[in-house]
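# Secondary and tertiary structure notes
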Amino acid sequence: LSFFNFQVIYEEMIKNEFSTRKSNKISPGESKDNLKGNMAELFSMKICNKIVKNEKASSDDNLVCKCGRKEADHAEGYKIAYDETTWTSSGNTKCVPTNCYGEISFQGYTASTSTRHAKFIRVSNDVDISKLADYMAKVWSLRHPKMLISVTGGAADFKMTKKHNEDLKSGLTNVATSTGAWIISGGSNAGIMKICGEAVHDYAMAKGGKEADSLVTIGVATWGCIHNKHLLEKHNAIYYKEEKHVKLKGAALDPNHTHFVFVDDGTEMQFGKEMEVRGKLEAEISRRGVPMRARGEKMSVPLVCVVVEGGPGTLQTAIEALKNNTPTVIVEGSGRAADVLAYACNKVTKDERLDDEDVILILKKIEECFNFPAGDPKVDATYKQVEECIQYIDLIEVFKLGGGGSAEASTKDIDIAILKALLKVNTNVAQQLKLALSWNRLDIAKSYILQGNLNFKKEELYDNLSQAILEGKIGFVQLLLEYGLILNEYLTVERLAMLYQKVAQNTVLYKLMNRTKKDKDSTIQTVGKCLKDLIGENFKSTYLQKEFSNNPIENPFRELLIFNLLLMRKDNMKFFWKEGTEQIASALFTRKVLQCLASTVYLSHNIEATQFLEELADEYESLAIGILGKCHDENDEKTQKVLNRTHVYWGDMTCVELAVLSRSRRFIAQTGCQNLFQSIWMSDMAPDTHNLMIIIGIFVPILVLTSIDFVSDRETVLYLAEDNDNCLDEAFLEETALDGNQIETYNNLIEKDKTFQKHERMPWWKKIKVFYTSPVVTFFTNFISYILFLLLYSHFVLTQYTSSKFAVTEIILVVWVISLTVEEVRQFAIVSTDSWIKKAANYFTDFWNIVDIVAMVLFYTGLTIRLVFFFLVDNIAEDFKYRTFFFDWAHVSYIFGLVVYYLRLMHTCSVHQQLGPKVIMIAKMMQDLIFFLFILSVFLIAYGVASQALLYPDSNQRDYGLVLRGIFYYSYWQMYGELFLEDLGAQQECNPEDPPYPYSTCPQHTILATFLLALYIMLTNVLLLNLLIAMFSYTFERVQENTDLYYKFQLYELIKEYYERPFIPPPFILINHVIFFIRKTMNMCFDCIKSSDLQFRINLDEGETQGLIKWEDLNADEFIRDVEHEECDSMENVIKQVDARTVGIQNLLENNVDDSNFSIVDRIVLLQHEVDENKKEIDQVVKLMNWIATALHDKSKASTKPPLINQRPTSPLQKQISKSTPNLRRSEPKVHPTLSTHIRAREINHYEVSRVHVPDDKVPWNESFAGYEPKIYTHPAVISDANGKKPIWADYDFYDEKWKAEKFKAKFNQMDDTVNRASHEGRYAVVDGLPRNIRGRTGLRGRGLLGRFGPNHAADPVVTRYLRDNTGSIIKRKGKNVLEFVAIRRRDTKEFAIPGGMINPGETVSQTLRSEFYEEALNAYNEVQKEKCRRKLDEFLKHENGKELYRGYVDDPRNTDNAWMETIAMNFHDDMGNILENIQLQGGDDADHAIWQEISSSIQLYANHKEIIEKLVRMRNAYWE
C-alpha cells in the first residue's frame, strides 16, 4: 500500500474500532504528524532511558548498558542508574509512538525476490494483543485463518539433504494452501525460517497472479536483533541485505515472508524477546475463531507447533506449546532438538514411561546431536526438557523425513502428520470433522477420523453435513452418507430453510431471494417464487404449497439438487441428480434453470459464466436424451408414459413440457418423443395410414370402417398370435385378411377365453368417434375449411365488394371471421397463468398468434368503416364527398387482411418435413432483413439528402412531404437500377411554368451528384446486397444443418395446437364454443377438447407411478454406468495409464532400488528400456487416434481393422528389481500359511457354558488327552423355533433321544440332498455317528449356534476399491496403492468383519455372495432404491467377475467339536472406483453398521478374516504396513 492509501485505511480502522475516542479521530486532511500522534493511542515502541551498567561488557572508557547498547547509542534524555543492578523492560524504558509501519521492499537478495513486498509494524512487548489482531485483520486485510502453523527450530542454517528440504517445503505449502492456514515463524533469513520463506516463494512462482498472495507467512522477530533495522524506521522502507562476505550484525529479514511483526522491549541483540508476544498473538487469533456458516457460530482456530532441528531453546518453546495444549509435530531427521525429542518419543512405552535403558540411550543421543562432551551439565538439563515434553506424549506426532516411499508420499505424509496432530486435541468425531471441513481435507476425514470409528451418534454429524452442503464440499457429503447418515432423516423443512438462509451474499441465489422476498413470505416460499420467476408462470412450485411445509420431505435429493442448482455447483448437482429419482424430468428442469440463470441480469454481462452455464445446460440435455434412449430401447409404451406423466415435484409438468420450455430440440427429436407425438397425432389409427385415405374418409365415413386400420384391432391379432389362447369368429378372420397358416392357428384356439374380452375389437361407433376427434383429422378439416375461407374471401374482394349493400358472401365471411376470433379467445383463455398480463405475454410469444391478431384487426377495421358509413353517412348526406374514399379504404383494409390470412397459410406447412424447415428459414431471414434494413437506411438517407441538396440547391420548397419524397424516391429506386440519369444530366434552363418541385424536370446539373450516385450504387448493389446474400446463406446453412431438429420441434407445436383445438372446423366451431361456454358457466366438469385416452398429460395412480419411477431409475443407472465405462476406456485414460507407468518406474528407481545392487549405468540402461517401451505404446496410441480421425472423415476407411495396442511384456527392469532388491518385498504382507490349529474357537467363550481348556499340543485328535470330557451344548434357537419346530436351516439334534434315530440319515463328507456336508479341507472323521472337527478339539461338543453337524458353509464377498483423495487420485503409501473394503460390524461380537452368510440348501455360492452383501451392507435404502442398487451391482458381483481369495476352515468362536465354519471368500474389485462411488452403506441383518475400511496391518477383524485380507493385499500388490 502507498502511504496515502495506508492512511485512509488506517483512518477507517480508527473510526470503526475506537469511535468512543472522539478527540483522536483522524480526518483526511490531517498531516503525517497527526497520524503519528494517533498511533500513540494504538502502538508504541520502547527506548531505554535508564542505563544499568553491564560489568562484563563495559570498560573504563566504554559504558555498556544491560539493554545491550553503548551509552553513546542511547537516545537523548537518558539517565544512568549507578545504584541499580537489574535492567527490566518495564522499569528502564519509555514508550514512544511507533515509527515503523507500512510496507517493505526487499533489495540485495536474489533476482527472483527483488520485487517482493511485505507489510510490517513495530510494537512494544506489552502491546494490546487485541488491537494488534484488529490491525492485522483490517489494515493488512488478512482473512480469518483456518489453522495456525507455528514453526520453530534452528535459527542458523543447518544441514539437510536437498530431497528432505524439498519435502519439508512442499509439505508446509500443501497443508497451508489446502487448509487456508497461516505460517508463523521467526522471520529471519536463516534456518527453518528461511525454509518457510522459500516455500512461499516457490508457491508464488508456480502459481502467479492472485493465488501467489494467498499463502500468508508472518514473521515475529525481536526488533533489537534485526540487521539493518535503521532502514525500517519509516512508513515505506527499502530493505537490503549485505554481501555474503560482510558479517551481519543481527539477523537479516527473509524476503519471502508476507508480513512482519517486530517486538521491541528496548533491548539490543538479545534473542527470544518476541516469544511471549508471539504466543499471545497466536492464542488471540485462535480465540477469535473461524465463522461456521451452518450455525452462524465460530470455531476456534486450531494451532499446531512444528519443531524442525533447533537447540535447547527450541525444546523450551515446545514445552510451552505443549503446556498450552498445543499439538506438536516433531520432524525427525532434521537434526538436534527434533531428533532427540523424536528418539525419546519412540522409546516411550504404552504407560508413557521410559525404562532405565532407554534413559541412557536418550542421554547418548543428546550428546551426539548437540555435540556435548560427556558429563556436561547441559546434557542433564536438556534431558529434563525432553522428559517434560514426554509428559504430553498424547499431543506429540512424530514425522520421519524421508520415511520411505515415493516423493509424493513423503510430501503428503508430512501434510497428514500436521493434521493428525491437531486431531489429537479433540477426540470428538463431530469436532474433528469440523476441522477437516474447515481445512477441506477429505482424505483426513476418510482415513483418520471416520475410518472404523463408530463412537458417534448420527445426529451429532448433522451440523457437519449442513456445513458440507453449504460450502459445496460434495466429497464430505458422500462420505457422511456412506457412514450411515440418512438424508431422509436429516433434511427437514426447517433445515432446508436454514441452508437457503445461510447462502453467501455474493451469490446469484442470494440476490434473487433478496429481490423476491416479501415481509410475510417464509424462506421456502421465497425460493419457490424465485423458481417461478425464473421458469415461468406455468411452473407450479411445491414450495408455494402449504402441504410442503407441513409434511416431511419425501425426496431430499431433489431438494438438494435444486439448492445446488441455484448456486451453480456443477459436481454437487451431478451427485444429487444421480442419486435422485425421475432423472429425465430433473435433467430437463436443471437445463431450464441453468438457461434462466445465464440470462439473469446478474450474469448476462459475464461471458465466461454464461458460457459455462450454457455448456452445463447442454450436458444435462444429453443426459436426459441418453436415459430416454435407454428407456425407449427397453419398452416404448412405458417410455411414452414417462414422457407425458405429470411430475408433481417438478412443477406439475411433463417431461415433454419441460423439454419445450427449455427449447430442447434434440430431446423432442428423439424417437421416444416422436412415437408419442405420432400416437397422439393419429389417435388410435394405425401410424401407416395414408393421408389421402384420411382426407377421403372425412367425406366418406363408411371408408373409416372398411379401409382404415386401428391399433386396437392390430393389437388383438398380435395378442392372439402370441398367446394362442383366444378364439376368433370367421367374420373377423375374413375382415383381417389373414393367411392360411394364421387361420389354421386361430381355428385351434379355445373358444371361450376370458382374456379375449380385454382385447375385443373396437365397435363401429367408437371408430367413427376416434377418427373424427383425432388431431390429424382435425388438422385436415381445419385446413380444408381454411382453403374454402380464403377462396370465399378472395371471391368477395374481387367480385362481390359493392358500396350499395352487403352481399351474402360478406355476411358469411363476417360469421367465419367471428368464429376464428372466438377460437383465438379460447386459446388465450386456456393459457395456464393467473395474471391477464402474463397470459397476454405468453400468448404473444407465438408469432402466428400475432399474425392472427393483425389479420383480424385489418378485417374488423374494414368492416367497421363499412358499417359506419353504410348506416350513418348514407342517411345524413347522399352527396357526402368522402363516401367513396372511405368505402375504398374499407376495401383496402379487407384486401390487406386477406394478404395476412394468406401468409397465415404458411403455418400449415409445419406438418411437412420439407416445407416446415423452409418456413423457419424465412422467419430467421426476416430477422436478418430487419437488421440489414437499418444498415441500408443509413446509406439510403445519407445519399438521398446529399443528392437532393446537390440537384436542387436553390429550392425554397416548404412542403416537407414533397421534400421527404424527393429524398427517398430517387435513392430507393436507384438501388434497383432505375437511375434517373436524364435528371442528373439535364442542361436546359428551368421553365417558370414547370410544375412545382419535385415534378420539375429542371434539376441543376453537377458532376458531384453523378459521382455520388456511382458511389451509392457500388455500395448498395455490390457491398450491401452481397452482405444480405451472405447473411441469408449463413442462416440457410445453419437451419439446414438442423433441419430434422427444427422440423420435429415445430411439428410438436402443431400437433399440440390441433390436439387442443375443437374437432369441428370454422365456422361451425361456434357450436362447440357455445356448448363449452354453457358448461363452463354452469361450473360443470367438461372436456370438450378431447376424448382420446392418449393425452399430452396423464395422471397415474400411486402404484403405477411408483413402478414407472422405479423402471426409469433402473434405466438411468444403466445409462450412467455405460457412460462411466466409456470414460474409463477413453483414449485420455489410456495415455494417463502410460504416463503413470513411467512415473511409477521412476519412483521405484529413486526410492526402492538399492545402490549396491544396481550401478548407475545399469539403472540408466534399464530406465532407457522403459522409456522405449512407453514410446512404443504412445506411438500405437497415436496410430489409433489417426485411424479414428481418418475413419470419421472417410467412412469407407471405417471397414478396415484399427491398429491394436499390444499387451506390454514384463520389462527387464521389473524382472531385475524382483531378483535384486529384497527391500522391495519388505512392504509386502507376510501371508500366514493355513493355520494347523484353531485359536479363537478355543479361547473365546461365545456361549453360556464354559469350554474345557485345550492346550496347543492337545488340539489334534491323534494326541491323547486324558480326562477330556467337554460339555454338550446346542443353543435352543438351533433345536426349535418359536413354534416348537426344527428350523429349516438346522439338523435334528443327535443328542436328543427324540431325534436320535435321524442320525443315520445324515450323509457326511458328501452332498446330502441339497445340503453340502463335504469339507473344503478334505475328509473328516465320523465317530459314533458324529463328525469330528477337522482342525481338532475345541473344548465344547454339540453344535452351539451352528445349524449343521460337520461343516457349515458360508460365502464372504470381499468388495474392494482403491482409496482416493478429493481429486480422485489413488492414494499411495510407500509406493503402493492403498485399498479399502466394505466391512460390517457384527451385532453379536461388535467386531468388524467381511460381510457374508450361510449358503442355504440349494443355493449357489454366487447367489449367497450377492444376497448377503445386499442384506448386510445396503440397508440404507428403501425397497425402490435397494432394487436400483441391486440392478447396478448384480453384474459387478457375478461369480465369474470375482477372484477367489480363500476356501477352507474359519477359526470362528462358534466352532465346536462337532460343527465348524468353512467359507469361500471372493474378491470383487472396483478398479476405477465408479461402480461403488455413490453406494451408501448401512448395516442390516446380522450387521449393525457398514463402512469402507482402509486396509492396513493394524486392522482387527473377526475370526481369521484378517488373514483373508492379507492374501488380498498380496494378490493386489497393495499397501499393508
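Conventions adopted
- Residues numbered from 1 in each chain as written.
- Predicted model: local features only at pLDDT ≥ 70, side-chain atom pairs only at ≥ 80, totals over all residues.
- Heavy atoms only, no water.
- Helix = DSSP H or I, 4+ residues; strand = E, 2+ residues; numbered from the N terminus.
- Polar contact = N/O pair within 3.5 Å; in protein donor to acceptor, adjacent residues only side chain to side chain.
- Salt bridge = Lys/Arg side-chain N within 4 Å of Asp/Glu carboxyl O.
- Buried < 20%, exposed > 50% of the residue type's maximum accessible area, 1.4 Å probe, protein only.
- Arc of directions from axis to C-beta.
- Contact = heavy atoms within 4.5 Å.
- pLDDT = per-residue confidence, 0-100.
- Pairing = 2+ DSSP bridges.
- Right-handed = clockwise from strand over helix to strand, strands pointing away.

Here the focus is the side chain of Asn1458. Here Asn1458 lies in the loop between strand 29 (1443-1450) and strand 30 (1459-1470). A polar contact of 2.9 Å, which involves the side chain of Asn1458, links it to the backbone nitrogen of Gly1342.

What follows covers the pattern of salt bridges. This model, assessed by the stated rule, comprises 47 salt bridges. Salt-bridge contacts for Arg591 lead to Asp618; the nearest nitrogen and oxygen are separated by 3.2 Å. Within this pair, whereas Arg591 is found in helix 23 (residues 583-598), its partner Asp618 is found in helix 24 (residues 607-634), the two being separated by 27 residues in sequence. The exposure class of Arg591 is buried, given its relative accessible area of 5%. With a closest N to O distance of 2.4 Å, Arg1373 and Glu1494 form a salt bridge. Placement of Arg1373 in strand 24 (residues 1372-1373) and of Glu1494 in strand 31 (residues 1487-1494) is noted, with a sequence separation of 121 residues between them. Of the two residues, Arg1373 and Glu1494, neither departs from the other in class, the shared state being buried. Among the charged side chains, a network of salt bridges with common partners joins Asp134, Glu284, Arg287 and Arg288.

The next point concerns helix 29 (residues 691-699). What helix 29 keeps buried is the set Ile694, Gly697 and Ile698. The arc that holds every buried residue of helix 29, seen down its axis, measures 105 degrees, which confines them to one face. Among the exposed residues of helix 29, those oriented more than 90 degrees off its buried face are Leu692 and Phe699. Of the surrounding secondary structure, the elements contacted by the buried residues of helix 29 are helix 28 (671-682), helix 30 (702-706), helix 34 (764-773) and helix 35 (775-800).

Within the protein, residue pLDDT values average 77, and 77% of them lie at 70 or more. Of all secondary-structure elements in the protein, the lowest mean pLDDT belongs to helix 1 (residues 3-17), at 38, while strand 11 (residues 259-264) reaches the highest, 93. Confidence over residues 1151-1158 falls short of pLDDT 50; this stretch has 24 contacts with residues more than four positions distant or in other chains. Across residues 1213-1235, where pLDDT falls below 50, the model places 44 contacts with residues more than four positions away in sequence or in other chains.

All right, on to the pairing of strand 15 (residues 328-332) then. Of all five residues that make up strand 15, five are buried, and the element is covered over most of its length. Of the two faces of strand 15, the one carrying Thr328, Ile330 and Glu332 and the one carrying Val329 and Val331 are both buried. Sheet topology places strand 14 (residues 303-308) next to strand 15; three bridges connect them, and they run parallel. Within strand 15, the residue paired with Val307 across the bridge is Ile330. At this point the chain moves from strand 14, through helix 7 (residues 312-323), to the parallel strand 15, and the crossover so formed is right-handed. For strand 15 and strand 16 (residues 396-400), the ladder comprises five bridges, and the chain directions are parallel. If you follow Glu332 over to strand 16, its bridge partner there is Lys400.

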